[in-house]
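For reference, the chains in residue letters:
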Amino acid sequence: METAVRFDAVSRIFGDVRAVDSVTLDVHEGEFFAMLGPSGSGKTTCLRLIAGFERPTSGDVNIFGQNSTNIPPYRRPVNTVFQDYALFPHLNVQDNVAYGLKISGVGKAERHRAADEILEMVALGGHSKRKPSELSGGQRQRVALARALVNKPRVLLLDEPLGALDLKLREQMQSELKALQRQLGVTFVFVTHDQGEALSMADRVAVFNDGKIQQLDAPQVLYYKPQTAFVADFVGSSNVLPPDMVARLTGRSVQASLRPEAISLSDTGLEGVVAEHSFLGANTRLKVDVSRTQISVLLPKGAQIPNDGDHVNLSWDAADLHVMAGDNE
Amino acid sequence: MSEAVSLSGRASDTLWRRPRFLLALLLVPPVLWLGIVYLGSLFALLAQSFFSIDEFSGLINYELTLKTYKELFRPSNMDILLRTVAMASAVTVAAAIVAFPIAYYAARYAKGRWKAVFYLGVMLPLWSSYLVKVYSWKLILAKEGILNWLFETLHLSWLLQAYLSVPGIGGNSLSVSWTGTFLVFLYVWLPFMILPVQASLERVPATMLEASSDMGARPGQTFRYVLFPLALPGIVAGSIFTFSLTLGDYIIPQIVGTSARMIGQAVYQFQGTAGNIPLAAAFAVVPIVVMGVYLTISKRMGAFDAL
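Keep in mind that what you see is a predicted model, and the values were worked out from it rather than measured.

Account for the interface of chain A and chain B, with residues named and values stated.
Contacts between chain A and chain B engage 22 residues on the former and 20 residues on the latter. Summing both sides of the interface, chain A and chain B together bury roughly 1,900 Å²; the carbon and sulfur share of this comes to 62%. It is A:Tyr74, A:His90 and A:Ile103 that lose the most area in chain A upon contact with chain B, and together they represent 33% of the buried surface on that side. Inspection of the region where chain A meets chain B yields eight residue pairs in polar contact (both at pLDDT 80 or more). With four residues, the top contributor of residues to the side of chain A that touches chain B is helix H3 (residues 99-103) of chain A. Residue composition of the side of chain A that touches chain B, by class: twelve nonpolar, five polar and five charged.

Tell me about unusual backbone geometry, and please be specific about residues and values.
A positive phi angle is found at A:Lys152, which is not glycine, with a value near 50°. Among the structural elements, A:Lys152 can be located in the loop between helix H5 (137-149) and strand S7 (155-159). Overall, the relative accessible area of 71% leaves A:Lys152 in the exposed class. Positive phi outside glycine occurs at B:His155, with the angle close to 55°. Tracing the backbone through its elements, the reader meets B:His155 in the loop between helix H7 (146-153) and helix H8 (157-164). Using a relative accessible area of 65% as the deciding quantity, one classes B:His155 as exposed.

Tell me about the confidence of the model for chain B, residues and numbers included.
All names here are of chain B. Per-residue confidence for chain B gives a mean pLDDT of 89, with 98% of residues at or over 70. The secondary-structure element of chain B with the lowest mean pLDDT is strand S2 (residues 60-61), recorded at 82, while helix H10 (residues 206-214) shows the highest, at 95. Predicted complex, confidence summary: ipTM 0.85, pTM 0.82.

Explain the sheet that holds strand S6 (residues 78-81) of chain A to me, and be specific about the residues and the numbers.
Residues and elements named next belong to chain A. Strand order in this open sheet of six strands is S6-S7-S8-S3-S9-S10, and the pairing throughout is mixed. Edge positions in the open sheet fall to S6 and strand S10 (212-217), since each of these has one partner strand only. Across the sheet, the mean angle separating the axes of adjacent strands is 20° when strand polarity is ignored. As paired elements, strand S3 (residues 32-36) and strand S9 (residues 204-209) share four bridges and run parallel to each other. Looking at the pairing, phenylalanine 33 lines up with arginine 204 of S9. Sheet strands in contact with H5 are S6 and S7, and its direction is about 175° off that of S6.

Lay out the layout of surface pockets with the relevant residues and their values.
Quantified by volume, the largest pocket comes out at close to 770 Å³. As for the largest pocket, its lining consists of 30 residues, of which B:Phe228, B:Pro229, B:Leu232, B:Met301 and B:Ala303 are closest to the centre. Those elements giving two or more residues to the lining of the largest pocket turn out to be H3 and helix H4 (108-121) of chain A together with helix H4 (75-108), helix H11 (219-248) and helix H14 (277-300) of chain B. Considering only residue class, the lining of the largest pocket consists of 18 nonpolar, six polar and six charged. The volume enclosed by the second largest pocket comes to roughly 440 Å³. The wall of the second largest pocket is formed by 15 residues, among which B:Leu42, B:Leu45, B:Gly248, B:Val267 and B:Ala284 lie closest to the centre. Taken together, the elements giving at least two residues each to the lining of the second largest pocket come down to helix H2 (19-48), H11, helix H13 (263-271) and H14 of chain B. A domain-level breakdown of the lining of the second largest pocket finds at least three residues from each of domain 1 (2-48) and domain 2 (72-300) of chain B.

Hey, could you go over empty space enclosed by the protein for me, with residue numbers and the actual values?
In this structure the tally under the stated criterion is two cavities of 30 Å³ or more. For the largest cavity, the calculated volume is near 50 Å³. What lines the largest cavity is simply B:Leu141, B:Ala142, B:Lys143, B:Leu147, B:Asn148, B:Leu160, B:Gln161, B:Leu164, B:Asn172, B:Ser173 and B:Leu174. If you list the elements that add at least two residues to the lining of the largest cavity, you get H7 and H8 of chain B. By residue number, the principal contributor to the lining of the largest cavity is H8(B), which donates three residues. There is about 40 Å³ of room inside the second largest cavity. Taken together, A:Glu160, A:Gly163, A:Arg170, A:Thr192, A:His193, A:Asp194 and A:Glu197 form the lining of the second largest cavity. Partitioned by chemical class, the residues of the lining of the second largest cavity number no nonpolar, three polar and four charged.

Definitions and cut-offs
- Residues numbered from 1 in each chain as written.
- Chains lettered and ligands numbered in written order.
- Predicted model: local features only at pLDDT ≥ 70, side-chain atom pairs only at ≥ 80, totals over all residues.
- Heavy atoms only, no water.
- Contact = heavy atoms within 4.5 Å.
- Buried area = accessible area lost by both parts, 1.4 Å probe.
- Polar contact = N/O pair within 3.5 Å; in protein donor to acceptor, adjacent residues only side chain to side chain.
- Helix = DSSP H or I, 4+ residues; strand = E, 2+ residues; numbered from the N terminus.
- Nonpolar A, V, L, I, M, F, W, Y, C, P; charged D, E, K, R; others polar.
- Buried < 20%, exposed > 50% of the residue type's maximum accessible area, 1.4 Å probe, protein only.
- pLDDT = per-residue confidence, 0-100.
- Pairing = 2+ DSSP bridges.
- Axes fitted to C-alpha atoms, helices over the stretch in contact; angles between N-to-C directions.
- 1 Å grid on protein atoms, 1.4 Å probe; cavity = no way out; pocket = protein on both sides within 12 Å on 5 of 7 lines; lining within 4 Å.
- Points joined across faces, edges and corners; volume = space filled by probe spheres on them.
- Domains from an automatic or database assignment.

Below is the structure:
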């Protein structure tokens, strides 16, 4: 498998902010790669470094083995779907999509045919002559996608493309994007702050915080075996148990993560007091105070729900307590 | 609840219940001003252009005729029209070229204090008297002026002389040449071009230009296919100012430039010393027609598509 994008100790510094701090990563050709992190974590800057809108302060960005540090955006085999879509307001949908072909000198009839074909693929056939301002948010999103695909990029960059859509449309677009990626076999690099989105769509996920990669793994590994407290909390809303508590339980003074759904109420085990409970539909979430730590517990439908203030005992399968190797501050 | 409400309070309540009445109250004074005083007097002037003047008595003949318009096509009058339109076009094109980079910088890069410096720099010339500015330009452009001195100091007088010897645009010195008139027009109207262009560029998000570049467009292509079309409404708005202000001005060509007249001067002389109100009015119609034609063509060519 060829490497599509390689970051080699890449940093991007704005003033005294290290937006991207010595990041090294590989994106394999043909994979669906997600960059996940809170806002300001450096994920979008990484995407812009691949597109060429930013240049690294130090380090090298390689695209298909070519050092791209000095290559301008218009010579890179990558295309971008922008967060705000960035559709050209003076052009109709067809001309927006055909823009890349027009630039590369394709004749009018030919590029309009190609644009209509790709619009058909994103289920927007028949909207060719509309202006972007006449479309809904979801439709604009599809036009942006079609426009980015028309040049047949080797890597497609998506900057929070679903951020502005409502939940239902978002879920629909998630599965459509995933299907499209399989169908085209193009490498997708997808930036999002939504962990559910990253986990459900991506083959591999890089979790960013403070300009650094916290962990780069497949979704299941991130979820069940987080390496840092940040990943445990951000990716899976997992409980992070402090070293002194883990020491009492296992004898080792390290941080450990424990998934809320792995915990059950029983007669023996860790003692705590229920602080609050909230009904989530399929489950009920309990917040249980155990000494100075609050542990969240996800009870399945049909389980006995205690009242706030009740004393409960928490137990779990020993294998579910995951000791974190990453940071033990 | 039912305590006495003051008179002004009751007036506010009435207006709140009848928003259309409030709108009418606000609109009537300006509409009267625009409609009767401004447009009315303009039409009264234009009506004059359909009268004619009796060549022997010098009295106005109040019969509707197109005779006065025919006079516009006399070679000496035609020269005035063509000269003025050519000057207005040249000033407009030059203003757009000079204004664009300044407006682009202000819209894309200037932040905080530099933005204030930009506005101050563009507006400052508008605060001082128009006559002061024109006379100071006369001093700059005169034979004994700063520009001549600069060329001499740099031992480039030959270059200036060579330029001034070009027929049409040259002359005895810059201050009595068409180039001088052009430079002063350009300087005086430039702010009217910069501000609307800056406003239109301000509305172009940075991602729009990045998207174009991402799609493979070199900077020149991005300018041609994205930035320029999006800035065009601003450029057209600015050109309405520079074009019509140049078409109608009669002071600048009188102070700086050759003795050949422009439309504004012709209107001034025909309605004043010559007492030929109908011909003055016919001259005054020309800029209005030219602007109408110009805006129609701009619209046809899609200048307002990005609005």
